[in-house]
Amino acid sequence: MASIKGSGRRGVALHAVLVIGLLLSAFPFYWAVIMSTHTSSEIFSYPPKLLPGSHFMENLRSLFDNIDFFGSMFNSLLVAGSVTFLVLFFDSLAAFVFAKFEFPGRRVLFALLMAIFMVPTQLAIIPQFVIMAKIGWIGSMTALIVPAAANAFGIFWMRQYMKSAIHDELLDASKLDGANFLRQYWHVALPVVRPGLAFLGIFTFMGQWNDYAWPLISLTNPDNVTLQVALSQLNGVHGTTDYGMVMTGALLALVPLLIVFAVGAKQIIADLGKGAIR
């Protein structure tokens, strides 16, 4: 009886800790919603206002008047969606080769890949800009999509995932059925590694959506910018910063990220559940 009571107390304590963690994690989103409904003076008032205000529509109109919000959001969706698709394809394809096939120079190439992985992306901005300028892509979305179409982290992540998730027996059986390399990749590898792909897709989309430095440098036309660059233009509008308007824009910019995260997390949980049942 004492052990049952002790386990019950531990369960209650664990749930209490989880609830506290949930509240702490959700509070920044709640605070963003609250600030988007107030004016700047109300945001900085003391004590702080913890309940929604009545200025959301006013902040929304100011946001749409100062920047082309939906045009910038479309640009971000185009870039983030295209890069995510390309990364999932190229990185998983390269990872499949590294994980399940032997070829000359395999270890040297993977070591080179890891060396590239450790180089900060900021060091590549200047040479990348020079290359894009010589090609003539500066000012276009191509300069954002093509250089990010594959990355070392995605290849490393998918290689590690495929090494443990894809059994050699599956590949041997597919060879006996006459499957070539592309059929093995498409019909054997991809269905097994969907949770890994879902994580990589979420990670890549969020990184591209929040990218600021490279779009700011490469998109020279101020009317053709991504959402993060457009939102930065709200700072100092009319000499002062309207923080209510800024927070409204930041709140709306979170919506696509939440949708992508929800869809990707659902895919991860569903596939892991199927694997546990099997």
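Procedures and definitions
- Residues numbered from 1 in each chain as written.
- Predicted model: local features only at pLDDT ≥ 70, side-chain atom pairs only at ≥ 80, totals over all residues.
- Heavy atoms only, no water.
- Helix = DSSP H or I, 4+ residues; strand = E, 2+ residues; numbered from the N terminus.
- Polar contact = N/O pair within 3.5 Å; in protein donor to acceptor, adjacent residues only side chain to side chain.
- Contact = heavy atoms within 4.5 Å.
- Core = buried A, V, L, I, M, F, W, Y, C linked by side-chain atoms within 4.5 Å.
- Buried < 20%, exposed > 50% of the residue type's maximum accessible area, 1.4 Å probe, protein only.
- Phe/Tyr/Trp six-rings, centres within 6.5 Å; stacked < 30°, edge-to-face > 60°.
- Lys NZ or Arg CZ within 6 Å of the ring centre and 35° of its normal.

Caption draft 1: Inspection of the side chain of Thr 248 at higher detail. Within the fold, Thr 248 resides in helix H14 (residues 243-277). Here the side chain of Thr 248 touches Gly 244 through a polar contact of 2.8 Å, landing on its backbone oxygen. For Thr 248, the contacting residues outside a window of four places in its chain are Ser 36, Phe 56, Asn 59, Leu 60 and Leu 63.

Caption draft 2: Structural context of the nonpolar core. Ranked by size, the top nonpolar core spans 26 residues in total, and within it Phe 96, Met 158, Met 162, Ile 166 and Val 193 carry the most contacts. Within the residue set of this core, elements represented by two or more residues are helix H4 (69-100), helix H7 (142-145), helix H8 (152-165), helix H10 (181-192) and helix H11 (194-210). Ignoring any residue separated from it by four or fewer positions in sequence, one finds Val 193 in contact with Met 158, Tyr 161, Met 162, Ala 165 and Ile 166. Listed in part, the 18 residues of the second largest apolar core include Leu 63, Ile 67, Trp 209 and Met 245.

Caption draft 3: Broad picture of the packing of aromatic side chains. Per the counting criterion, the structure on display carries 22 aromatic pairs. The rings of Phe 98, Phe 103, Phe 110, Phe 117, Phe 153, Phe 156, Trp 157, Tyr 161, Phe 199 and Phe 203 are connected pair by pair, giving a single aromatic cluster. Sitting above the plane of the Phe 110 ring, Arg 159 keeps its charged end 4.0 Å from the centroid.

Caption draft 4: Structural detail: the environment of Ile 217. Considering the arrangement of structural elements, one finds Ile 217 in helix H12 (residues 213-218). Separated by 30 residues in the primary sequence, Ile 217 and Met 247 place their C-alpha atoms 24 Å from one another. Not counting residues up to four positions away in its chain, the partners in contact with Ile 217 are Ile 125 and Phe 129.

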